[in-house]
Amino acid sequence: MNSLNCIDIIDVFDGNIPIHTKEYIELFYKYSNLKHYFVILVSSKNKVQEYQVFFSKIGCRQYYIVHDNPGQLPFLLTILLRLRRTQTSLEEKSLLSFLYKNRKKKILFHGNVITPMMVYMFNLYSFRSLNWVCWGTILGKRQSVLKTVAYKKLYGKFRRIVCLMSEDAIEIRKLFKCKCTFVCPYPDKNPLAKKNKTEKSDKTITKVLVGNSGHSLESYIEFCQRLPKDLDGLHFTFMRVYGPVGFNDFKNKILNYIDKKYFDVWDELLSLEQYYKKLNEYDVYVSPQTTQTGLGAIYAMIKLEKTLFLAGYNYSWVSSLGINAQLLEKFIDSVKSKNELKFPIEILTKNNDIYSDIFSNKRRFDKWDNLLTADRNTLNNSDLLTFI
């Protein structure tokens, strides 16, 4: 572990989540004006080796891979761990120990890497600057009363909450009165964005990708229930690269509603470049989830000039940018009436142009650096609930 004396911010990621984590780390390391130190939580030795190779490849030495080397923990937290019904993993203990030792540093948590024990620790001990990137609000999930109360207290402890879309930021400000909530999308890269424009195709089968992960299974099922039995001319791929449901159970649940000849399951973890190549095979992207999910895939499909059918927060956010997407209901109606699903190429090209204009990486990095360094009072007096 390298010295953290000259570090501006500690970034904490769940390294078990595939694809975009490495992309974000590489971009922040190479292009941010701040000095980042990356802490990666992993659950296997294979993941440790994978990230060691990754950091070596990008030339970054400012990192710590958390696995199974727990250090000394504070007394009250040790008691809480002993009282816990479920056994705490070595990697979680290691991360708790690291965070406690560095509680005087500015820490930025990315996504749902925050565990319940971390929440209790933050409420027990004084941390200088806790910050969080929201990948969908934590409190949208079912949990115990004790856990809910602890999370509610946590929202008020964050110096900054960075949301990836306005809808999440507005919800957090409304529910928890957190003025320190702002909107800033992640930077991204897409090796295919400028090389592979959508071309007119004579294919008789329209390939539909349904995203974003196994966590979306409930919304997948609701979506499938609304489809007609006759799906000739269509082939669906359901994304299940990660999530709580095993492959066979996942596939069998879809089979209850769609004949096996009409769909397959994307279960393979790919490199970023392979991931974009696979996305480019599809004509249409559908996201039936009403809460924020799959923004990385949505943005990639915009740049690859594919047709979008979205629901809930994803639809509201993308539409607010001026990008032409359709509601999920339009997809259902079009399938039932056998209407064309794909948008005209002119619309898809315009969507790509709008996205590229709004979301230049320079603009995103300037805002990220400003959000992470500006005085809190300055930020609270500014209107940063939109990105445009």
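Report follows, based on the coordinates. Keep in mind that what you see is a predicted model, and the values were worked out from it rather than measured. (Residues numbered from 1 in each chain as written. Predicted model: local features only at pLDDT ≥ 70, side-chain atom pairs only at ≥ 80, totals over all residues. Heavy atoms only, no water.)

Located in the positive-phi region is Glu305, a residue other than glycine, with phi close to 60°. Within the element layout of this structure, Glu305 appears in the loop between helix H11 (295–303) and strand E12 (307–310). Although it is not a glycine, Lys338 adopts a positive phi angle of roughly 60°. (Helix = DSSP H or I, 4+ residues; strand = E, 2+ residues; numbered from the N terminus.)

Here helix H8 (residues 217–225) crosses helix H9 (residues 247–255) at 20°, and the two axes come no closer than 9 Å. Put simply, H8 runs roughly parallel to H9. As H8 runs across H9, the sense of the crossing is right-handed. For the pair H8 and H9, the contacting residues are Leu217, Tyr220, Ile221 and Cys224 in the first and Phe250, Lys253 and Ile254 in the second. Residue composition of the contact of H8 with H9, grouped by class: 6 nonpolar, no polar and 1 charged. (Axes fitted to C-alpha atoms, helices over the stretch in contact; angles between N-to-C directions. Parallel < 35°, antiparallel > 145°, perpendicular 65-115°, else oblique. Left-handed = near helix turned anticlockwise from the far one by under 90°. Contact = heavy atoms within 4.5 Å. Nonpolar A, V, L, I, M, F, W, Y, C, P; charged D, E, K, R; others polar.)

What follows is about the sheet that holds strand E9 (residues 234–239). Ordered in space as E10-E9-E8-E11-E12-E13, the 6 strands form an open sheet in which the pairing is parallel. At either end of the open sheet lies a strand with only one pairing partner, and these are strand E10 (263–266) and strand E13 (326–327). Bridge count for strand E8 (residues 206–210) against E9 is 5 bridges, and the pairing is parallel. Its bridge partner lying in E9, Val210 is registered against Phe238. (Pairing = 2+ DSSP bridges.)

It is worth stressing that arrangement in space is one thing and function is another; only the former is reported here.
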